[in-house]
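Now for the letters of each chain:
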Amino acid sequence: MQLAGYEVRQGKHLSFRAPEQKDFTYMKSLGSYYSEENVRIRLAKNRSKVKTPKHLSKDARLYINISTYVTTGNREGFERWAKLNNLKEAARTFNYLSENNLLNYEDFQQHVSDIEASVKAADQRITQINSELSTQKVIQKHCDSYRLCRKVIEDCKSAKNPKSYRTKHQAEYQLHDSLKKELQDLGVTKIPSSNKIQKRIENLESEQAATVREKQELQKKQKTLDIIRQNFTALLDAPEINSDLLPAKRESVAVTRDK
């Protein structure tokens, strides 16, 4: 709480004071769930657990629903802090919508749809690349085996007894014919060099990694837009927030709502 800007006082009862709050709030006044004893019990229970915080966009955060956090006791200080926080998020949300030309809700919805379509396209491309990679690796394996069989067949020309040689290497002859047919089925009529196949694989792996990163960035943007959408609705329906916005912003929000 100190890192969050609260002043903490340890006396007979633990108390704290939010920025710009006049009096300290005693934990016992927030109800039994927030008593110092119960808080310490929960801390001890969770001390060994490592929790990874969820991604929270720097562009937007959800408004705080006061009733979710404090249901009994003295909540004046918390309410003041929450309202200040929500006012900041309202301004931040408005700025995001304004900077991205999304004040019209229809434009915002279209933007959300475009991002969803981009995520779907990236996902489809990843699936396609995975399939192409799998095929190229099969081709690479078949070509390596085919070259070994081909070398055995070509050595037959210098064998003293070609007939005996072919009988001895019958398995390689059969595998050669089988691999040739399988490669033709895969669209390979001319055996590419090992370097050429490896280069194709590396290019596909590079594109795969780039597309995965692109999808992850799009998904982060989706999360931001989901927060913006929730704040957008709260912004329109919260009179205490609208009353604190600048006149020009209130007028823009009103126009957007009418649209």
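Residues numbered from 1 in each chain as written. Predicted model: local features only at pLDDT ≥ 70, side-chain atom pairs only at ≥ 80, totals over all residues. Heavy atoms only, no water.

## Considerations on the overall build of the protein
Link 1 in the chain: A count of helices and strands for the protein gives 9 helices and 3 strands.
Link 2 in the chain: Overall, the protein shows an N-to-C arrangement of helices and strands of β-β-β-α-α-α-α-α-α-α-α-α.
Link 3 in the chain: Expressed as a percentage of its 259 residues, the buried residues of the protein come to 30%.
Link 4 in the chain: Sequence separation of 24 or more characterises 63% of the internal contacts of the protein that already satisfy a separation of 6 or more. (Helix = DSSP H or I, 4+ residues; strand = E, 2+ residues; numbered from the N terminus. Buried < 20%, exposed > 50% of the residue type's maximum accessible area, 1.4 Å probe, protein only. Contact = heavy atoms within 4.5 Å.)

## Structural notes on the pattern of salt bridges
Link 1 in the chain: For the coordinates displayed, the defined rule picks out 10 salt bridges.
Link 2 in the chain: Between Glu132 and Arg125 there is a salt bridge; the shortest N-O distance is 3.6 Å.
Link 3 in the chain: Exposure remark for Glu132: the relative accessible area of 29% places this residue in the partly exposed category.
Link 4 in the chain: We classify Arg125 as partly exposed; its relative accessible area is 21%.
Link 5 in the chain: Here Glu217 and Lys220 are joined by a salt bridge, their closest N and O atoms 3.7 Å apart. Here the residue Glu217 and the residue Lys220 both occupy positions in helix H7 (residues 194-237), the gap between them amounting to 3 residues, near one helical turn. (Salt bridge = Lys/Arg side-chain N within 4 Å of Asp/Glu carboxyl O.)

## Comments concerning the side chain of His142
Link 1 in the chain: For His142, the location among the structural elements is in helix H4 (residues 105-154).
Link 2 in the chain: Separated by 2.7 Å, the side chains of His142 and Glu182 make a polar contact. (Polar contact = N/O pair within 3.5 Å; in protein donor to acceptor, adjacent residues only side chain to side chain.)

## Remarks on the nonpolar core
Link 1 in the chain: One finds Ile129, Leu133, Ile139, Cys143, Tyr146, Cys149, Leu179, Leu183, Val188, Ile197, Ile201 and Leu204 forming the largest nonpolar core, which totals 12 residues.
Link 2 in the chain: Those elements giving two or more residues to this core turn out to be H4, helix H6 (170-185) and H7.
Link 3 in the chain: Ranked by the residues each element gives to this core, the list is headed by H4, at 6 residues.
Link 4 in the chain: Other than its neighbours up to four places away in sequence, Leu179 contacts His142, Ser145, Tyr146 and Cys149.
Link 5 in the chain: Counting 10 residues, the second-largest nonpolar core is a separate cluster that includes Leu97, Leu218, Leu225 and Ile228. (Core = buried A, V, L, I, M, F, W, Y, C linked by side-chain atoms within 4.5 Å.)

## What to know about the packing of aromatic side chains
Link 1 in the chain: Using the criterion set out here, one finds 0 aromatic pairs in the structure.
Link 2 in the chain: The side chain of Arg9 reaches across the aromatic face of Phe24, ending 4.0 Å from its centre. (Phe/Tyr/Trp six-rings, centres within 6.5 Å; stacked < 30°, edge-to-face > 60°. Lys NZ or Arg CZ within 6 Å of the ring centre and 35° of its normal.)

## Quick word on H6
Link 1 in the chain: In this model H6 runs 23 Å from its N-terminal to its C-terminal C-alpha over 16 residues, within 8% of the 22 Å that 1.5 Å per residue would give.
Link 2 in the chain: Residues of H6 that are buried in the fold lie against H4 and helix H5 (162-168). (Expected span 1.5 Å × (residues − 1).)

## Structural notes on the sheet that holds strand S3 (residues 25-26)
Link 1 in the chain: Taken in spatial order, the 3 strands line up as S1-S2-S3 in an open sheet, and their pairing is antiparallel. The sheet is open, and its two borders are formed by strand S1 (7-9) and S3, each paired with just one other strand.
Link 2 in the chain: Taken together, the 3 bridges between S1 and strand S2 (residues 15-17) define a ladder with antiparallel strand orientation. Across the sheet, Arg9 pairs through a bridge with Ser15, a residue of S2. (Pairing = 2+ DSSP bridges.)

## Quick look at the packing of H4 against H6
Link 1 in the chain: Two numbers describe how H4 lies on H6: the axes approach to 9 Å, and their chain directions differ by 140°. The pairing of H4 with H6 is recorded here as oblique in orientation. In this structure, H4 crosses over H6, and the sense of that crossing is left-handed. Contacts between H4 and H6 involve Ile139, His142, Cys143, Ser145, Tyr146, Cys149, Arg150, Val152 and Ile153 on the former and, on the latter, Glu172, Tyr173, Leu175, His176, Leu179, Lys180, Glu182 and Leu183.
Link 2 in the chain: Classifying every residue of the contact of H4 with H6 by side-chain character gives 10 nonpolar, 3 polar and 4 charged. (Axes fitted to C-alpha atoms, helices over the stretch in contact; angles between N-to-C directions. Parallel < 35°, antiparallel > 145°, perpendicular 65-115°, else oblique. Left-handed = near helix turned anticlockwise from the far one by under 90°. Nonpolar A, V, L, I, M, F, W, Y, C, P; charged D, E, K, R; others polar.)

## Focus: H4
Link 1 in the chain: The end-to-end C-alpha distance of H4, which contains 50 residues, comes to 72 Å, matching closely the 74 Å that a straight helix rising 1.5 Å per residue would cover.
Link 2 in the chain: Backbone nitrogen of Glu106 and a side-chain oxygen of the N-cap are separated by 2.8 Å at the start of H4; the cap is Asn104.

## Comments concerning the environment of Ile201
Link 1 in the chain: Locating Ile201 in the fold gives a position in helix H7.
Link 2 in the chain: On the basis of relative accessibility, which here comes to 3%, the residue Ile201 falls in the buried class.
Link 3 in the chain: Not counting residues within four places of it along the chain, the set of residues in contact with Ile201 comprises Leu133, Gln136, Lys137 and Gln140.

## Some details on the confidence of the model for the protein
Link 1 in the chain: Of all residues in the protein, 74% have pLDDT values of 70 or greater, and the mean over the chain is 77.
Link 2 in the chain: In the predicted structure, residues 50-58 sits below a pLDDT of 50 and forms 6 contacts with residues beyond four places in sequence or in another chain.
Link 3 in the chain: Segment residues 240-259: pLDDT under 50, and 29 contacts once partners within four positions in sequence are set aside and those in other chains are kept. (pLDDT = per-residue confidence, 0-100.)

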